[in-house]
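Close look at the chain arrangement
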Amino acid sequence: MKFSNQSLLALYGRQANAADDVSSPASYMRSTLELTGQDVLVRLLDQLDDPDGSPSPGENSRNPDGSLTPEEYCREALKLTGRSEPSSQCPEETNESAATGQNNSPGNALTVLGGYAKRVIRWLTGSRDEAAQTDAFSDLEPEPEVVLGRFDRSKDYWFMEESQVPKDTIKELRKHKIRNQCQKLLRKTAKNLDQDMTKEQIEESFNRFKKELAELIGRKCPEYADRLNFGQALSELTELLVALHYSPDSSMPYEDGTCRWDKMPLDNNCLEWLLKVLPQALNEEAGGTEMSADLLERVAECVTMVDLRPIIPFSKEECISEFNSVRNDLGLSKGEFDLIGHLFVAFHAKFFQALEKNKDKPLPVLAGSYLVNARMYNESGQVTSFAVRKEGCIAHPECWLAGYIGNSIIYSIEDYVEFGRTLSRAFGHVANVVEGFQVPEESRIGLRYGGLDKKTPAELKNLREVLREMRARLGRKRTRAAEMYAICMHDGQSHDGAMDTIREELGDSYANLLQGSFDGGATTGKMITEAFKTYNECVDNKMTHEDAIKEVEDRHGPKHANLVRGCFEGGATTGKMITEAFK
């Protein structure tokens, strides 16, 4: 785990900003370092509180109570490292062990402490507001762009190389023998992309590949025959391709995709953040006016999306296991299974270059999660090849939407800054062709979501709207499932029988959502059945919803009552409506 100077300063600054004063920074420093496991640094800082262990500063550098002032405390920390004043350029750690804290030798600890103290001094001697705090990092160098040379086009699969498929996978394609139909399909399709093709030929080849892949998965993994997602269709409007991980079970009812196997609903919360909240935030930051629905639609038309995985898993919690099961059934190695996602990207890149307006231009690509970046691009940054211009990687949209990105132990200041730069580069391609849409040269959106800058009122409003829609959608689904569950229990079905009925009548997503209300503790199907048996008896006797739940609690205890209550909470259904339904 990387805890850089900038990350430590961010934690220190948050603690100090939350306090009434910064008269005793020792506690902020110590708690910051303890949070990140930098035990050696804590021991070094302890020397500052020991008169015999550190130089004695002048009287005029102390607070009235005799303690060190914030600035002097940091200057004393610098003296421990053998340095004096902070320079204008703060050196970064010179080796990974120092940056990660894995090597806690005094030398490495001093290196980190020295850079940390310099950053703190720069902040303490400036303004304490958040903008000044993050301005201290404006000198962070961007990740360097890597430009790949042309690959040998006399070899098979050169276009896949140009699409940045990992070397190990290319080597596997060239050397390993074909053992099954799926391997044969992948190699045939990848080799075909080496040929010169018109846009019509590319589209025909892509549709044929998807059809054959769907048939293979249907035969080898019949339970997933109707749970396929091959991403959005090829489009002449594409200016940016976003590669994501997989489509969730909630996308199963989606029937309005751009092509047959497109299960990427634009009202999915993560995609809505990517296509609505994010563009509006970038546009506002660049000085643009409020974006109309038509302008947002034009932006969305220029952003095409594909997923790494071709199936829709039944369970989010078990998705990795499901992917491995499908991979094994298809007889593919890990690299070959990843190749399916690479082929989706490669077809879009091939089509992009076949258009006269884009001749020989690489397709801009954004890796939409760390996992995708690791599986597809070996955790690389900004890399440009003949076919693909990968602008970088961001945390998954769910991390932004749910607030996980605010965890500064996981994400460093460098991450926040680079997220903003990556999004500016990626959506800058869209801004170049969509009139009225603006993107800043280097966005600070990562810093805002990381809690180091304040979100604007408009940014908060747009984010809240998506979150409200998400809660309402989940509430409606949970309520509908709960109503059917209650009816099943009223008919004398067991818990498992009721869940099976919900799956058959409403679908897996409804059943999974409702089951989530029951999971998490020692609750069993037997408890649920007992609770609803009592509840339904009460309803039959014309008791109200609340009175029936109270009776459940009186007979069986609060856990049973909470189970029944939890079934009906979260949507628009009220006790009165439920009672009427049972009359």
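Look up a bit, the structure's there.
In this report, the structure presented in the accompanying data block is examined. Quick caveat: nothing in here was measured; it's all calculated off a predicted structure. (Residues numbered from 1 in each chain as written. Predicted model: local features only at pLDDT ≥ 70, side-chain atom pairs only at ≥ 80, totals over all residues. Heavy atoms only, no water.)

What to know about the overall build of the protein chain
This is how it is decided: Secondary structure is summarised from DSSP: a helix means a run of H or I of at least four residues, a strand means a run of E of at least two, and numbering begins at the N terminus for each. For the exposure calls, accessible area comes from a 1.4 Å probe over protein chains only, and a residue counts as buried if that area is under 20% of its type's maximum, exposed if over 50%, partly exposed in between. Residue contacts are defined here by distance: any two heavy atoms, one from each residue, within 4.5 Å place the two residues in contact. Only the protein chains shown count as cover for residues, and the accessible areas themselves come from Shrake-Rupley with a 1.4 Å probe.
Counting its secondary structure elements, the protein chain contains 26 helices and six strands. For the protein chain, the residues scored as buried account for 52% of the 583 residues in total. When contacts within the protein chain are restricted to residue pairs at least 6 apart in sequence, long-range pairs at least 24 apart make up 73% of them. Surface accessibility of the protein chain: about 26500 Å² in total, with carbon and sulfur atoms responsible for 48%.

Description of the sheet that holds strand S3 (residues 303–307)
Keep this limit in mind: Two strands form a pair only when DSSP identifies at least two bridges running between them. Helix axes are fitted only over the stretch in contact, all axes being lines through C-alpha atoms; the angle between N-to-C directions runs from 0 to 180 degrees.
The strand order across the open sheet formed by six strands is S1-S5-S6-S4-S2-S3, and the pairing between neighbours is mixed. Edge strands, defined here as strands with exactly one partner in the open sheet, are strand S1 (146–147) and S3. Note: strand S5 (residues 383–384) against strand S6 (residues 388–393), two bridges, orientation antiparallel. In the strand pairing of S6, Val 383 is matched with Lys 390. Where helix H18 (residues 413–431) meets the sheet, it contacts strand S2 (240–244), S3, strand S4 (363–367) and S6, and its direction lies at approximately 145° from that of S6.

Quick word on the environment of Phe 386
Within the fold, Phe 386 resides in the loop between S5 and S6. Residue classification places Phe 386 among the buried positions, given a relative accessible area of 13%. Between the C-alpha atoms of Phe 386 and Lys 361, which are 25 residues apart in sequence, the distance is 7.3 Å. Those residues in contact with Phe 386, other than ones at most four positions away along the chain, are Arg 150, Arg 153, Trp 158, Phe 159, Glu 162, Gln 353, Asp 360, Lys 361 and Pro 362.

Describing the nonpolar core
Counted only if it meets this: Residues belong to one nonpolar core when they are buried, are Ala, Val, Leu, Ile, Met, Phe, Trp, Tyr or Cys, and are joined through side-chain atoms within 4.5 Å.
Within the largest apolar cluster, 57 residues are counted, with the highest numbers of intra-cluster contacts made by Met 160 and Phe 209. Sort the elements by how many residues they give to this core and helix H15 (residues 334–354) lands first, with 11 residues. Listed in part, the 47 residues of the second largest apolar core include Ala 300, Met 305, Ile 394 and Leu 401.

Considerations on helix H10 (residues 181–192)
For the record, the criterion: Here the expected length of a helix is defined as 1.5 Å per residue gap, with one fewer gap than residues.
End to end, H10 covers 16 Å across 12 residues, agreeing with the expected 16 Å (1.5 Å per residue, within 8%). Within the span of H10, buried status applies to Cys 182, Gln 183, Leu 185, Leu 186, Arg 187, Thr 189 and Ala 190. Check the buried side of H10 and you find it contacts helix H8 (158–162), helix H9 (167–175), helix H11 (199–220), helix H14 (319–330) and H15.

Things to note about a negative patch on the surface
Quick reminder of the rule: Residues form patches when they are more than 30% accessible in relative terms and have no salt bridge. Like charges link within 9 Å. Nonpolar side chains (Val, Leu, Ile, Met, Phe, Trp, Tyr) link within 5 Å. What counts as a salt bridge is simple: a side-chain nitrogen of Lys or Arg found within 4 Å of a carboxyl oxygen of Asp or Glu. Charged-residue counts in this description rest on Lys and Arg as positive and Asp and Glu as negative, His and the chain ends being excluded. All charge positions are set by atom: Lys at NZ, Arg at CZ, Asp at CG, Glu at CD.
A cluster of acidic residues, Asp 496, Asp 500, Glu 504 and Glu 505, forms a negative patch at the surface. If you trace the backbone, Asp 500 turns up in helix H21 (residues 495–505). With relative accessibility at 42%, the residue Asp 500 sits in the partly exposed group.

Topic: H15
Here is the rule we go by: Fitting axes to the seven residues that end at a residue and to the seven that start at it, the angle between those axes gives the bend at that residue.
With 21 residues, H15 extends 30 Å between its outermost C-alpha atoms, agreeing within 8% with the 30 Å of an ideal straight helix rising 1.5 Å per residue. Ile 340 marks the point of greatest bend in H15, at about 30°. The buried fraction of H15 amounts to 19 of the 21 residues, a majority that puts the element mostly inside the structure.

Some thoughts on unusual backbone geometry
The phi torsion at Glu 379 lies on the positive side, around 60°, for a residue other than glycine. Assignment of secondary structure puts Glu 379 in the loop between helix H16 (370–377) and S5. We note that Lys 542 has phi near 70°; this positive angle belongs to a residue other than glycine. You can see Lys 542 is positioned in the loop between helix H23 (525–540) and helix H24 (545–556).

A short note on the packing of H9 against H15
The following threshold applies: Every angle not falling under 35 degrees, over 145, or within 65 to 115 is termed oblique; those three ranges are roughly parallel, roughly antiparallel and roughly perpendicular. Under the scheme applied, nonpolar residues are Ala, Val, Leu, Ile, Met, Phe, Trp, Tyr, Cys and Pro; charged residues are Asp, Glu, Lys and Arg; polar residues are all the others, including Gly.
Here H9 crosses H15 at 105°, and the two axes come no closer than 10 Å. In this view, H9 runs roughly perpendicular relative to H15, as classed from their interaxial angle. Only Gly 335, Glu 336 and Leu 339 of H15 make contact with H9, whose side of the interface consists of Thr 169, Glu 172 and Leu 173. In the contact of H9 with H15, the residues fall into two nonpolar, two polar and two charged.

Focus on the pairing of S4
Of all five residues in S4, five are buried; the element is thus mostly enclosed. Where burial is concerned, the two faces of S4 agree: the one with Leu 363, Val 365 and Ala 367 and the one with Pro 364 and Leu 366 are both buried. Pairing of S2 with S4 involves three bridges; the strand directions are parallel. Counterpart to Val 242 in the pairing with S4 is Leu 366. Judged from the five bridges that link them, S4 and S6 form a sheet pairing that is parallel. If you follow Pro 364 over to S6, its bridge partner there is Arg 389.

Comments concerning the pairing of S3
Among the five residues that make up S3, five are buried, leaving the element largely enclosed by the rest of the structure. Side chains of S3 alternate between two faces, with Val 303, Met 305 and Asp 307 and Thr 304 and Val 306 buried alike. Both S2 and S3 contribute to a ladder of five bridges, which runs parallel. Pairing of Leu 240 across the sheet is with Val 303, part of S3.

Here we look at the environment of Pro 279
Summarising the element assignment, Pro 279 is placed in helix H12 (residues 269–285). Overall, Pro 279 belongs to the buried group, its relative accessible area being 0%. Taking C-alpha positions, Pro 279 is 7.9 Å from Phe 427, a pair spaced 148 residues apart along the chain. Setting aside its immediate chain neighbours within four residues, Pro 279 contacts Trp 273, Leu 274, Met 291, Leu 296, Val 299, Phe 427 and Phe 437.

Regarding the packing of aromatic side chains
Operational definition: For this analysis, a ring pair means two rings from Phe, Tyr or Trp (six-membered ring only for Trp) whose centres lie within 6.5 Å, classed as stacked if their planes differ by under 30 degrees, edge-to-face if by over 60, and tilted for the remaining angles.
This model, assessed by the stated rule, comprises 18 aromatic pairs. Here the aromatic rings of Tyr 224 and Phe 314 are separated by 5.4 Å at their centres, their planes lie at 55°, and the arrangement is tilted. Here Phe 314 lies in the loop between S3 and H14 and Tyr 224 lies in the loop between H11 and S2, a separation of 90 residues in the sequence. According to the relative accessible area criterion, Tyr 224 is buried, its value standing at 5%. The partly exposed category is assigned to Phe 314, whose relative accessible area is 27%.

A few points about the pattern of salt bridges
Opposite charge on two side chains makes pairing possible when the charged atoms of those side chains draw close. Tallied over the full model, the rule gives 28 salt bridges. Between Asp 338 and Arg 309 there is a salt bridge, and its shortest N-O distance comes to 2.9 Å. With a gap of 29 residues between them, Asp 338 in helix H15 and Arg 309 in the loop between S3 and H14 connect regions that are remote in the sequence. Considered together, Asp 338 and Arg 309 belong to a single accessibility category, that of buried residues. Three or more residues are tied together by salt bridges with common partners; here these are Glu 145, Arg 389, Glu 391, Glu 418, Arg 421, Arg 425 and Glu 442.

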